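So you can see what is in the structure, the chains are spelled out below.
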Amino acid sequence: LHRVDRRQRQMCIRDRFTPGLNDIPVGTLPVGMAEDHSGCFVLTANSGSCDLAAIDMTSALTLADVAQVNRVSITTPAGDLLLSRPRSITAGPQTEVVGEACPLAAEGLVYITYPDCNLVAAVDAASGEVQSGLAFRETGIVEAATDADFAACPVQCTDGALTVAHGTEPEVFVEKPVAVEVSPDGLSLYVTSETSPFFTIVELCLLYTSPSPRDRG
């Protein structure tokens, strides 16, 4: 059993064979965690440092070892650092066969919400590179994000100062995605917003091909 402790900047593991909590430092203000496709790593999204931490669970659960944690910077499709605060993270179902040797690094994609960017990003778990994304427009349309959408994200993890891309906060209504989950079959992505009573359903196969309309629930 593992949980995130935001105040202590740690992931806590509770092992029934080891009394108490076993804390693993992962980054500043972790806001969520998800297992990678291999099931060998747990990734946390860190709101205070705007990055990911990949915990090697084999080392974390071995009493004689120090838990191995790899901090991963998140980069936009253009190669720039994405320094906006994430709100939540999820991943698809495990794809590796149980019993096979663990990979050297986390595998697959994780999906991260960025409410201050009005974006959901599909991020490579190993490299931190954004592979694609969803942009929530002020018109109510959700479509494939562009390089310009990621470039417009506010920088929130440099000196602690918040800067807004266009100088002022937008006055128009724009959905801010805050929670995301992948369906059990790995085919759909569910997104909820703090500024809308609706939720969005996206077919993941369309996310990597062309902008697509959404279903509203």
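Please refer to the structure higher up on the page.
Remember, predicted model here, so these are calculated numbers, not experimental data.

K.L.:
Please give an account of the pattern of salt bridges that cites residues and values.
P.N.:
Enumeration according to the criterion identifies three salt bridges in this entry. Between Arg 71 and Asp 51 there is a salt bridge, and its shortest N-O distance comes to 2.9 Å. Placement of Arg 71 in strand E7 (residues 69–73) and of Asp 51 in strand E6 (residues 51–56) is noted, with a sequence separation of 20 residues between them. Judged by its relative accessible area of 8%, Asp 51 is buried. Glu 143 is paired through a salt bridge with Arg 137; the nearest N and O atoms lie 2.7 Å apart. Overall, Arg 137 belongs to the partly exposed group, its relative accessible area being 23%. Salt bridges linked by common partners bring Arg 137, Glu 143 and Asp 149 together as one network.

K.L.:
Can you tell me about the sheet that holds strand E12 (residues 142–144), naming the residues and giving the values?
P.N.:
As summarised here, the arrangement of the five strands in space is E8-E9-E10-E11-E12, forming an open sheet in which the pairing is antiparallel. Looking at strand neighbours, the two that pair on one side only are strand E8 (88–91) and E12, the edges of this open sheet. The mean inter-strand angle of the sheet, taken between neighbouring strand axes irrespective of direction, is 20°. Where strand E10 (residues 119–124) lies against strand E11 (residues 130–136), five bridges are found, and the strand directions are antiparallel.

K.L.:
Requested: an account of the nonpolar core, with residues and values cited.
P.N.:
Core analysis: the largest hydrophobic core is formed by 27 residues, its most contacted members being Leu 43, Leu 52, Ile 74, Ile 89, Val 110, Ile 112 and Val 123. Ile 112 has contacts with Leu 52, Ile 74, Pro 86, Ser 88, Ile 89, Leu 119, Val 120, Ala 121 and Val 123, leaving out every residue within four places of it along the chain.

K.L.:
With reference to specific residues and values, describe the environment of Ala 152.
P.N.:
With respect to the helices and strands, Ala 152 occurs in the loop between helix H2 (147–151) and strand E13 (177–182). When the C-alpha positions of Ala 152 and Cys 117 are compared, they lie 7.3 Å apart, and in sequence the two are 35 residues distant.

K.L.:
Can you lay out the side chain of Ser 84 for me, pointing to particular residues and giving the numbers?
P.N.:
If you trace the backbone, Ser 84 turns up in the loop between E7 and E8. Here Pro 154 takes part through its backbone oxygen, which lies 2.3 Å from a polar atom of the side chain of Ser 84. Other than its neighbours up to four places away in sequence, Ser 84 contacts Cys 50, Tyr 114, Cys 117, Cys 153, Pro 154 and Gln 156.

K.L.:
Report on the pairing of strand E15 (residues 199–203), specifying residues and quantitative values.
P.N.:
By the alternation rule, side chains of E15 split into Thr 200 and Val 202, which are all buried, and Phe 199, Ile 201 and Glu 203, of which none is buried. Across five bridges, strand E14 (residues 188–193) lies against E15 in antiparallel orientation. The residue of E15 that forms the bridge with Thr 192 is Phe 199. Once E14 ends, the chain turns through five residues before running back antiparallel as E15.

Basis of the calculations
The written sequence of each chain sets the order in which its residues are numbered from 1. For a predicted model such as this one, the threshold for reporting local features is a pLDDT of at least 70, and the threshold for listing and counting side-chain atom pairs is 80 or more; totals across whole chains, interfaces and linings nevertheless cover every residue. Side-chain numbers come from the whole structure's heavy atoms, not from hydrogens or water. The rule for a salt bridge is simple: a side-chain nitrogen of Lys or Arg has to be within 4 Å of a carboxyl oxygen of Asp or Glu. In DSSP terms, a helix is any run of H or I states spanning at least four residues, a strand is any run of E spanning at least two, and both are numbered starting from the N terminus. Working definition: with a 1.4 Å probe on protein chains only, accessible area under 20% of the residue-type maximum means buried, over 50% means exposed, and in between means partly exposed. Any two strands with at least two DSSP bridges between them are considered paired. What counts as an axis is a line fitted to C-alpha atoms, over the stretch in contact for a helix, and the angles between N-to-C directions run from 0 to 180 degrees. For this analysis, a nonpolar core means a set of buried residues of the types Ala, Val, Leu, Ile, Met, Phe, Trp, Tyr and Cys, connected via side-chain atoms within 4.5 Å. Whether two residues touch is decided by their heavy atoms; if any such pair falls within 4.5 Å, the residues are in contact. Within 3.5 Å is the distance limit for a polar contact, defined as a pair of N or O atoms, with the added protein rule that one can donate a hydrogen and the other accept it, and that residues adjacent in sequence qualify only through two side-chain atoms.

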